[in-house]
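Remarks on the overall topology
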Amino acid sequence: MFNSFKRSIIDGIREKLPGALAHQIMLPTHRDSSFRFPEFTQGPVKSAVLLLFYPSDDGIIKFPLIQRSTYNGAHSGQISLPGGKQEENDADLIYTALRETHEEIGVAPGSVEIGGCLTDLYIAVSNFIVTPVIGFAEKKPVFSIDPSEVEAVFETDLSVLFNPSCRKHGTVLAGGKYEFQTPYFEIDNKIIWGATAMMLSELCLVAEYSGLVKT
């Protein structure tokens, strides 16, 4: 099951990426009238996240999501994928995704097989342009979080993400004070919205195009 899933996702990434079409599905529909996007004087900061799939002991395909630690920043406390900004010595953005995931939740880079990348996504609130990297591990990683960056790691059942019932629409609080009306995923009572939801939306469409999800 896991190997056939892996082949289908890799083939789907190579064949067709829905990109903006998938991102738009999870865009906020209304923002607080007092909210203003920050203005930046420099170009976007390159960064990468890792979507890491692995089989659990009972054969269920899972991937980790994290809750960011609380800090004075745009993504404080949010549910997201592990990852971060590209450093000067990083060979490429795949290396960035692997390095950041290792630093944040302890996944050994050598245990990850890279399957490809989804579409880059610009995050206007932080001026990051993010490359979502797809990876596969043959068994469940041993997670070890860095508490300065990560409050918790959650093992997420892929089949729950693919279930339409987890897609909802409602009010979320951005930056601790701005109310947004937005689509989101609700998984295990956790709300995943914004950039992470847009990336997961593209994964869902790739899976649909590959025949892994019935519409």
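Because the structure is a prediction, the values reported are computed rather than measured.

**Structural notes on the pattern of salt bridges**
On inspection of all chains with the given rule, the structure shows eight salt bridges. Its salt-bridge partner being E113, residue K6 comes within 3.0 Å of it at the nearest N-O pair. Here the residue K6 occupies a position in helix α1 (residues 2-15), and E113 occupies one in strand β6 (residues 113-117), the gap between them amounting to 107 residues. You can call K6 buried: its relative accessible area is 10%.

**Points about the packing of α1 against helix α5 (residues 194-209)**
It is at 9 Å that the axes of α1 and α5 come closest, and there the two elements cross at 100 degrees. The pairing of α1 with α5 is recorded here as roughly perpendicular in orientation. When α1 is examined against α5, the residues I9, G12 and I13 are found in contact with a partner set consisting of L203, V206 and A207.

**Focus: the packing of aromatic side chains**
Per the stated rule, a full pass over the model turns up seven aromatic pairs. Between F2 and F136 the ring centres are 6.2 Å apart and the planes differ by 75 degrees, which places this aromatic pair in the edge-to-face class. Residue F2 is located in helix α1, and its partner F136 is located in strand β8 (residues 128-136); the two are separated by 134 residues in the primary sequence. Judged by relative accessible area, F2 falls into the buried class, the value being 9%. Consider the rings of F180 and W193, whose centres lie 5.8 Å apart with planes at 75 degrees: the pair is edge-to-face. One end of the pair, F180, is in strand β11 (residues 178-187); the other, W193, is in the loop between β12 (190-192) and α5, and 13 residues separate them in sequence. Pairwise contacts between aromatic rings join F2, F5, F53, F63 and F136 into one cluster. The ring of Y209 carries K16 above its face, with NZ or CZ at 4.7 Å from the centroid. Taking NZ or CZ as reference, K190 lies 4.2 Å from the ring centre of F154, over its face.

**Quick look at the side chain of R68**
Within the fold, R68 resides in strand β3 (residues 61-68). Note on R68: relative accessible area 13%, which makes it buried. Only 3.3 Å separates the side chain of R68 from the side chain of S80, close enough to count as a polar contact. Engagement of the side chain of R68 in a polar contact is seen with the backbone oxygen of L81, the distance being 3.4 Å.

**What about the pairing of β3?**
Most of β3 is tucked away: six of the eight residues are buried. Between strand β2 (residues 45-55) and β3, which pair antiparallel one after the other, the connecting turn spans five residues, and G59 there sits at a positive phi close to 85 degrees. Where β3 lies against strand β9 (residues 150-157), seven bridges are found, and the strand directions are antiparallel. Paired with P64 across the two strands is E155, which belongs to β9. Summarising the sheet, β3 and strand β4 (residues 79-80) pair through two bridges and their orientation is antiparallel. Counterpart to I66 in the pairing with β4 is S80.

**Description of empty space enclosed by the protein**
Applying the stated criterion across every chain, the model contains one cavity of 30 Å³ or more. Taken as a whole, the largest cavity holds about 50 Å³ of empty space. Looking at the largest cavity, the residues that line it are L65, I79, F154, T156, I187, D188, K190 and I192. Those elements that provide at least two residues to the lining of the largest cavity are β9 and β12.

**Describing helix α3 (residues 93-105)**
The end-to-end C-alpha distance of α3 is 18 Å, a good match for the 18 Å that 13 residues give at a rise of 1.5 Å each. The inward-facing, buried residues of α3 abut β2, β3, β5 (83-85), β6, β8 and β9. Two to three positions downstream of the cap, the backbone nitrogen of I94 sits 3.2 Å from a side-chain oxygen, assigning the N-cap of α3 to D92. Taken from the residues just after α3, G106 is the one with a positive phi, measuring 80 degrees.

**Side note on the nonpolar core**
Counting residues in hydrophobic clusters, the biggest one holds 38 residues, and the most contacted among them are I9, L51, F53, F63, L158, L161 and F185. Elements that contribute at least two residues to this core include exactly α1, β2, β3, β7 (121-123), β8, α4 (158-161), β11 and α5. Counting residues per element, this core draws most heavily on α5, at nine residues. Those residues within four positions of F185 in sequence are excluded, and the remaining contacts are M26, L161, C166, R167, K190, I191, I192, A197, L200, S201 and C204. Core analysis: the next-biggest nonpolar cluster, separate from the first, contains 13 residues, Y54, I105, V112 and A137 among them.

Here is what the cut-offs are and how they apply
- By convention here, each chain's residues receive numbers from 1 onward along its written sequence.
- In view of the model being predicted, local features appear only for residues whose pLDDT reaches at least 70, and side-chain atom pairs are presented and counted only at 80 or more, with totals across whole chains, interfaces and linings using the full set of residues.
- Where side-chain values are given, they derive from all heavy atoms of the structure, hydrogens and water being excluded.
- One speaks of a salt bridge when a side-chain nitrogen belonging to Lys or Arg is within 4 Å of a carboxyl oxygen belonging to Asp or Glu.
- Under the scheme used here, helices are H or I runs from DSSP no shorter than 4 residues and strands are E runs no shorter than 2 residues, and both carry numbers assigned from the N terminus.
- The buried label goes to any residue with under 20% of its type's maximum accessible area, the exposed label to any with over 50%, and the partly exposed label to all in between, with areas taken from a 1.4 Å probe on protein chains only.
- Lines fitted to C-alpha atoms define the axes here, with helix axes fitted over just the stretch in contact, and angles between the N-to-C directions of these axes take values from 0 to 180 degrees.
- Angles are sorted into four bins: roughly parallel if under 35 degrees, roughly antiparallel if over 145, roughly perpendicular if 65 to 115, and oblique for all others.
- Note on contacts: a residue pair qualifies if any of its non-hydrogen atoms lie within 4.5 Å across the two residues.
- To pair, rings of Phe, Tyr and Trp, with the six-membered ring standing in for Trp, must have centres within 6.5 Å; the planes then decide the type, stacked if under 30 degrees apart, edge-to-face if over 60, and tilted in the middle.
- Geometrically, a lysine NZ or arginine CZ counts as sitting over a ring once it is within 6 Å of the ring centre and also within 35 degrees of the ring normal.
- We define a polar contact as two N or O atoms separated by no more than 3.5 Å, with the added condition that, inside protein, one atom must be a possible hydrogen donor and the other a possible acceptor, whereas residues neighbouring each other in sequence contribute only through side-chain atom pairs.
- Any two strands between which DSSP finds at least two bridges are classified as paired.
- Here a cavity means grid points, on a 1 Å grid over the protein atoms only, where a 1.4 Å probe fits yet cannot get out; a pocket means an open set of points with protein on both sides within 12 Å along at least five of seven lines; lining residues are those with an atom within 4 Å of a point.
- Grid points are joined across faces, edges and corners, and a volume is the space filled by probe spheres set on the points.
- For a helix, the expected span equals 1.5 Å multiplied by the number of residues minus one.
- Working definition of a nonpolar core: buried Ala, Val, Leu, Ile, Met, Phe, Trp, Tyr and Cys residues. They are joined through side-chain atoms within 4.5 Å.

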